[in-house]
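Analysis of the macromolecular model
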Amino acid sequence: MQSVVTSLVEKNNVTEKQLREICKKCIENSSGLLDAAELLLPNNNTLQYALGLYMYAIEEYGKAHLVKSCFTGPENVSSIPGWIFGWRPGPESGKTSHEEKLSEGFRNLPPVCLKLSPLIEIVHNTSPEVQTFAIKGPFGDSSISVGPYVTGIFESSTEIPSRDVDFNLKTACFYVDWDELNRMPEYLLTANREQLNYNIKRVKDNLAQFDFV
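Reading the values: rules and limits
Here the residue numbers are simple positions, counted from 1 along each chain's written sequence. For a predicted model such as this one, the threshold for reporting local features is a pLDDT of at least 70, and the threshold for listing and counting side-chain atom pairs is 80 or more; totals across whole chains, interfaces and linings nevertheless cover every residue. Side-chain figures throughout are based on the complete set of non-hydrogen atoms in the structure, without hydrogens or water. Secondary structure elements are defined from DSSP: runs of H or I of at least 4 residues count as helices, runs of E of at least 2 residues count as strands, and each element is numbered from the N terminus. Relative accessible area decides the class of each residue, using a 1.4 Å probe on protein chains only: under 20% of the type maximum gives buried, over 50% gives exposed, and in between gives partly exposed. Here, two residues are considered to be in contact whenever any of their heavy atoms come within 4.5 Å of each other. Accessibility throughout is a Shrake-Rupley quantity obtained with a 1.4 Å probe, and a residue counts as covered only by protein chains that appear here. Lines fitted to the C-alpha atoms define the axes, with helices restricted to the stretch that makes contact. Angles between their N-to-C directions range from 0 to 180 degrees. For classification, angles of less than 35 degrees are called roughly parallel, those exceeding 145 degrees roughly antiparallel, those between 65 and 115 degrees roughly perpendicular, and all remaining angles oblique. Put simply, a crossing is left-handed when the front helix is turned counterclockwise from the back one by less than a right angle, and right-handed when it is turned clockwise. When residues are grouped by polarity, Ala, Val, Leu, Ile, Met, Phe, Trp, Tyr, Cys and Pro land in nonpolar, Asp, Glu, Lys and Arg in charged, and all others, Gly among them, in polar. One speaks of a salt bridge when a side-chain nitrogen belonging to Lys or Arg is within 4 Å of a carboxyl oxygen belonging to Asp or Glu. Ring pairs are drawn from Phe, Tyr and Trp, using the six-membered ring of Trp, whenever the two centres fall within 6.5 Å, and their geometry is named by plane angle: stacked under 30 degrees, edge-to-face over 60, tilted for the rest. Only when the NZ atom of a Lys or the CZ atom of an Arg is both within 6 Å of the ring centre and within 35 degrees of the ring normal do we say a charge sits over the ring. Buried Ala, Val, Leu, Ile, Met, Phe, Trp, Tyr and Cys residues that are joined via side-chain atoms within 4.5 Å together make up what is termed a nonpolar core. Given a helix with a known number of residues, its expected span is that number minus one, times 1.5 Å. Pairs of N or O atoms within 3.5 Å make up the polar contacts considered here, provided that, within protein, one atom can donate a hydrogen while the other can accept it, and that residues adjacent in sequence are counted only when both atoms are side-chain atoms. Known as pLDDT, the predictor's per-residue confidence is scaled from 0 to 100.

1. Some points on the overall build of the protein chain
Across its full length, the protein chain carries 6 helices and 6 strands. When the helices and strands of the protein chain are read in sequence order from the N terminus, they spell out α-α-α-α-β-β-β-β-α-β-β-α. Looking at the protein chain as a whole, 43% of its 213 residues qualify as buried. Across the protein chain, the fraction of contacts at a sequence separation of at least 24, relative to all contacts at a separation of at least 6, is 63%. Put simply, the protein chain shows about 11700 Å² of open surface, and 53% of that area lies on carbon and sulfur atoms.

In structure tokens:
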């Protein structure tokens, strides 16, 4: 697929049909990576690999959106910047190709998908009363109070440390690094299993709604 795409882009003759096919393949690849991540979630020894695959899935989702943005209309031929596929210099933003695709992926997802520590996401709170929710985390149980008719993301203030997505996690989940401060190998990464599972499902919801053009 990579060589075919490269050939098409170099000749600037990516038709609407071909552009749709590229988007479709990116979405299918993202979905497959999430399926694999779900298989790794139950085992403590493979949880961090699930997180790594989750990050790769977000990058593929971002790639689909970037390719879609190149569409110029059904009567025209579209040109896709080579950096999207990693074989040309990076985008004007100064980010790497991977960073730009991850940024685009998260930009098109709910903010909850950036969170790795336990939290509550309330999409529609129609209750006229204050509601209290229990949150279970690796550092103990806590609770969150949500006011009447309030919606959004609510995170426990007792959850330490609070974890947000770091773009380096995409590769850091798969290899041993060196912690210079503590003078020891750094390898095992943590993420809340329940929250990651929830985020994977939220991403899958968005994949299902992706409009190819």
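2. Considerations on the packing of helix 2 (residues 16-40) against helix 3 (residues 47-68)
As a packed pair, helix 2 and helix 3 sit with axes 8 Å apart at the nearest point and diverge in direction by 165 degrees. As the angle between them shows, helix 2 and helix 3 are arranged roughly antiparallel. Note that helix 2 runs across helix 3; the crossing there is left-handed. Classifying every residue of the contact of helix 2 with helix 3 by side-chain character gives 20 nonpolar, 2 polar and 3 charged.

3. A word on the pattern of salt bridges
Counted by the stated rule, this structure contains 12 salt bridges. Of the charged contacts, one joins K204 and E38 as a salt bridge, the two residues approaching to 2.7 Å between their closest N and O atoms. Pair noted here: K204 is in helix 6 (residues 193-208) and E38 is in helix 2, with a separation of 166 residues, a long-range link. Relative accessible area serves as the criterion here: at 23%, E38 is assigned to the partly exposed category. Salt bridges sharing common partners tie together D35, E38, K201 and K204.

4. Quick look at the packing of aromatic side chains
Considering all chains together, one arrives at 5 aromatic pairs under this definition. Between Y56 and F174, the ring centres sit 6.2 Å apart and the planes meet at 50 degrees, which makes this aromatic pair tilted. Here Y56 is found in helix 3, whereas its partner F174 is found in the loop between helix 5 (169-172) and strand 5 (177-179), with 118 residues between them in sequence. Joined through ring pairs, the aromatic side chains of Y49, Y56 and F174 make up one cluster. Positioned above the aromatic ring of F210, the side-chain terminus of K68 is 5.3 Å from the ring centre.

5. With respect to the nonpolar core
Counting 42 residues, the largest nonpolar core has Y54 and F106 as the members making the most contacts within it. Secondary structure elements with two or more residues in this core: helix 2, helix 3, helix 4 (97-107) and helix 6. Here this core gets 12 residues from one element, more than from any other, and that element is helix 3. Not counting residues up to four positions away in its chain, the partners in contact with Y54 are L34, A37, F106, C113, L196, N199, I200 and V203.

6. What to know about the packing of helix 3 against helix 6
Contact geometry of helix 3 with helix 6 gives a least axis separation of 11 Å together with a crossing angle of 25 degrees. Overall, the two elements helix 3 and helix 6 adopt an arrangement that is roughly parallel. Between helix 3 and helix 6 lies a crossing whose hand is left-handed. Taking contact as the criterion, the partners of L47, A50, L51, Y54, I58 and Y61 in helix 3 are, on helix 6, R193, L196, N199, I200, V203, N206 and L207. Here the residues of the contact of helix 3 with helix 6 sort into 10 nonpolar, 2 polar and 1 charged.

7. Remarks on helix 6
Note on helix geometry: an α-helix contains 3.6 residues per turn, so any two residues three or four positions apart are oriented the same way. In this model, helix 6 (16 residues) spans 23 Å end to end at C-alpha, consistent with the 22 Å of a helix rising 1.5 Å per residue. The backbone nitrogen of E194 lies 3.2 Å from a side-chain oxygen of the residue at the head of helix 6, namely N192.

8. Remarks on the confidence of the model for the protein chain
For the protein chain, the average pLDDT comes to 80, and 73% of its residues sit at 70 or higher. For residues 1-12, every residue scores under 50 in pLDDT, and the model assigns this stretch 19 contacts once sequence neighbours within four places are set aside.

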